[in-house]
Amino acid sequence: MKPIDEQIAILMRGVEFGDEQIKQVMERELRERLQEAQHEERPLRVYCGFDPTTSQLTLGHTVPMRKLRQFQELGHQAIFLIGSFTALIGDPSDRNSPRPQQTIEEVAKKSKGYANQTFKILDADKTEVRYNADWLAPLTFADLIRLASHFTVQQFLARESFAKRHAKGDPIWLHEFFYALMQAYDAVMLETDVQIGGTEQLFNLMAGRKLQEALGQRPQICLTLPILVGTDGYQRMGQSLGNYIGVDEPPEEMYGKVMSIPDHAMRNYFDLLSSFEPAQIADIEQRIATESLHPMDAKMMLARDIVTIYHDAEAAARAEAHFQRVFQKRELPREMPAHKLAAPQNIVDLLVEVGLAPSKSQARRLIVQGGVRLDGNKVESIEETVTPDRETILQVGKRRFVRLV
RNA sequence: GGGCAGGUACCCAAGUGGCCAAAGGGAGCGGUCUGUAAAAUCGCUGGCUCAGCCUUCGGAGGUUCGAAUCCUUCCCUGCCCA
């Protein structure tokens, strides 16, 4: 195992609390715990939990996962917790309104896809995968009350997400308070040394610390990481916001989505998602500032790097070529979905049938606005008929193509 | 349980009898431009057999020539009181 100073340097990189004091305390405790573990010749138990709210992991999830991976590489025990029970309530941390509650069946379905995607980042052989329904579901009402008695209402109301709603007169549901309790109980059941999460998770992680201590365990060290912004460049990346990049998206899609982030979000992505070292990132930023590197080229480096992580170098090169063809040169993509056109068909009906428009009204609008092309020629009329006498390329907007055969 | 204020399209939010398929913003989509699917800018955004018709303003019922708007009732939220 590496020397402790070296471990600390790696593990504390990127960790951010928004409060220097907490950071110092956590770093000190982490150092002590590492020393203790080394002495006892045991690995630290490090966990990070994810609620299956959709079946797709996003690059946002990968930020704490990469930290978990670092622990793993240093020989510690990584625990990947699937919030099969917490997902039923939904984490109120990052939003100003409650999440819709899910059914057990929905959650189970979504959990399935999770593990596989996870191992694009974590080492499958060395990861302990747990489901928190295993211990949360059997809790009795009496158990719950005992857990709840360790926290005050004021502590919860002080949280920004609740305070805001309270001030605004928006509903705060009682069950939302239980989210932090449940997560805290996870830490107790897993007997964790360290928990990792996004900065918005601090309250939940601290609740775990508090509960562990109350129940006679050593309080876990909490490490929080900056939030990844979504492709819009402002809001956090989230499935429900539609601004996300999924870890299992095809290379072209992933590359394009990275390219679509605003320039000002690039730094956030370089820091949290790329394989570039801090010094390299600083250099790139410097070169952009002095105009010796074009921001677009920097973004292409970023996109290529990210696609390489989740696919491979070859796929990344392909995605880049696709991007250059379709968006920079406005040429046709190499591959596009095919649709069998059997008989002559009206253009409006066709657009709906191939899925390029959700309704005929929408299809008409697209045509009127000049967004529909057949073999590169703008479709001028909604009356136009497409005849299947040869292969034709149907295009909507800049990026949606269907090959009519 | 009582009093008051609310429930409007994907989200926020205006509208309080006809000019309402419903202002404005966000988000999304399309055009132009560009260095990108960035920014900027212009436009579109319920559906259909499309100069017309049908469905939509918490649910149901009613008044009216006509209702998101008025009445009844039910459901839901917030505040105050108990």
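Residues numbered from 1 in each chain as written. Chains lettered and ligands numbered in written order. Predicted model: local features only at pLDDT ≥ 70, side-chain atom pairs only at ≥ 80, totals over all residues. Heavy atoms only, no water.

Asks: Before we move on, can you summarise the packing of helix α7 (residues 141–148) against helix α10 (residues 174–190) with the specific residues and values?
Replies: Direction vectors running N to C along α7 and α10 enclose 95°, while the axes themselves pass 10 Å from each other. Classified by the angle their axes make, α7 and α10 are roughly perpendicular. Residues L144, L147 and A148 of α7 form the contact with α10, whose participating residues are F178, L181 and Y185. (Axes fitted to C-alpha atoms, helices over the stretch in contact; angles between N-to-C directions. Helix = DSSP H or I, 4+ residues; strand = E, 2+ residues; numbered from the N terminus. Parallel < 35°, antiparallel > 145°, perpendicular 65-115°, else oblique. Contact = heavy atoms within 4.5 Å.)

Asks: Requested: an account of helix α15 (residues 295–310), with residues and values cited.
Replies: For an α-helix, 3.6 residues make a turn, and residues three or four places apart therefore share a direction. With 16 residues, α15 extends 23 Å from end C-alpha to end C-alpha; this agrees with the ideal 22 Å at 1.5 Å per step. Those residues of α15 that are buried are in contact with α3 (59–73), α12 (251–259), α13 (266–273), α14 (278–289) and α16 (313–328). (Expected span 1.5 Å × (residues − 1).)

Asks: So what about the side chain of Q395? Which residues, and what values?
Replies: Position of Q395 among the secondary structure elements: in strand β11 (residues 392–396). Given the relative accessible area of 13%, Q395 is considered buried. Among residues more than four places away in sequence, those in contact with Q395 are G371, V372, R373, R400 and F401. (Buried < 20%, exposed > 50% of the residue type's maximum accessible area, 1.4 Å probe, protein only.)

Asks: I'd like a rundown of the packing of aromatic side chains, residues and numbers included.
Replies: Enumeration according to the criterion identifies eight aromatic pairs in this entry. Between F162 and F177, the aromatic rings sit 5.0 Å apart at their centres with planes inclined by 65°, giving edge-to-face as the arrangement. Of the two residues, F162 is situated in helix α9 (residues 160–168) and F177 in helix α10; the sequence distance between them amounts to 15 residues. For the pair formed by F162 and F177, the shared burial category is buried. Ring geometry for Y255 and F323: centres 5.5 Å apart, planes at 55°, overall tilted. Taken as a pair, Y255 in helix α12 and F323 in helix α16 lie far apart in primary sequence, 68 residues in all. No difference in accessibility class separates Y255 from F323, as the two residues are buried. Members of the aromatic cluster, joined through ring pairs, are F151, F156, F162, F177 and F203. K257 extends its terminal NZ or CZ atom over the ring of Y244, reaching a point 5.1 Å from the ring centre. (Phe/Tyr/Trp six-rings, centres within 6.5 Å; stacked < 30°, edge-to-face > 60°. Lys NZ or Arg CZ within 6 Å of the ring centre and 35° of its normal.)

Asks: So, the sheet that holds strand β4 (residues 194–198): which residues are in play, and what are the values?
Replies: If you walk across this open sheet you meet the five strands as β3-β2-β1-β4-β5, and the pairing is parallel. Two strands in the sheet have a free side with no partner beyond their single neighbour: β3 (127–131) and β5 (221–225). Taking the axes of each pair of neighbouring strands and ignoring which way they run, one obtains an average angle of 25° across the sheet. Direction of pairing for strand β2 (residues 77–82) relative to β3: parallel, over a ladder of five bridges. When the sheet's bridge partners are listed, I82 is paired in β3 with Y131. On top of the sheet, α10 reaches β1 (45–50), β2, β3 and β4; it is set at about 150° to β1, its chief contact. (Pairing = 2+ DSSP bridges.)

Asks: Can you lay out the confidence of the model for chain A for me, pointing to particular residues and giving the numbers?
Replies: Overall, the predicted model of chain A reaches an average pLDDT of 88, with 96% of residues at or above 70. Across chain A, β5 holds the top mean pLDDT of 95, while helix α5 (residues 104–118) sits lowest at 73. Scored as a complex, the prediction yields pTM 0.84 and ipTM 0.85. (pLDDT = per-residue confidence, 0-100.)

Asks: Describe the protein's contact with RNA strand B, listing the residues and the values that go with them.
Replies: With respect to spatial proximity, 31 residues lie near RNA strand B, and among them M259, S260, S361, R364 and R365 are the closest. Across the atoms of RNA strand B situated within 4 Å of the protein, the share located in sugar and phosphate is 63%. Between RNA strand B and R365, the relevant distance is 2.5 Å, taken from a phosphate oxygen to a side-chain nitrogen or oxygen of the residue. Contacts to RNA strand B include Q369, whose side-chain N or O atom sits 2.9 Å from a sugar or linking oxygen. Among the secondary structure elements, those contributing two or more residues to the surface near RNA strand B are α12, α15, α16 and α18 (360–368). The element contributing the most residues to the surface near RNA strand B is α18, with six residues. Split by residue class, the surface near RNA strand B holds nine nonpolar, twelve polar and ten charged. (Near = heavy atom within 4 Å. Polar contact = N/O pair within 3.5 Å; in protein donor to acceptor, adjacent residues only side chain to side chain. Nonpolar A, V, L, I, M, F, W, Y, C, P; charged D, E, K, R; others polar.)

Asks: I'd like to hear about the domain arrangement of chain A, residue by residue, with values.
Replies: Along its sequence, chain A is organised into domain 1 (4–225), domain 2 (249–328) and domain 3 (338–404). Put simply, the middle of domain 1 and the middle of domain 2, counted by C-alpha atoms, are 30 Å apart. Interface area for domain 1 against domain 2, summed over the two sides, is near 840 Å², with a carbon-plus-sulfur share of 58%. Ranking the residues of domain 1 by area buried against domain 2 places L59, R66 and K120 at the top, with a combined share of 59%. Seen at the junction of domain 1 and domain 2, the total is one salt bridge. The partner of R13 in a salt bridge is E277, and the shortest N-O contact between them spans 3.8 Å. Counting across the domain 1 and domain 2 interface gives three residue pairs in polar contact (both at pLDDT 80 or more). Its residues placed into classes, the side of domain 1 that touches domain 2 shows three nonpolar, two polar and three charged. (Domains from an automatic or database assignment. Buried area = accessible area lost by both parts, 1.4 Å probe. Salt bridge = Lys/Arg side-chain N within 4 Å of Asp/Glu carboxyl O.)

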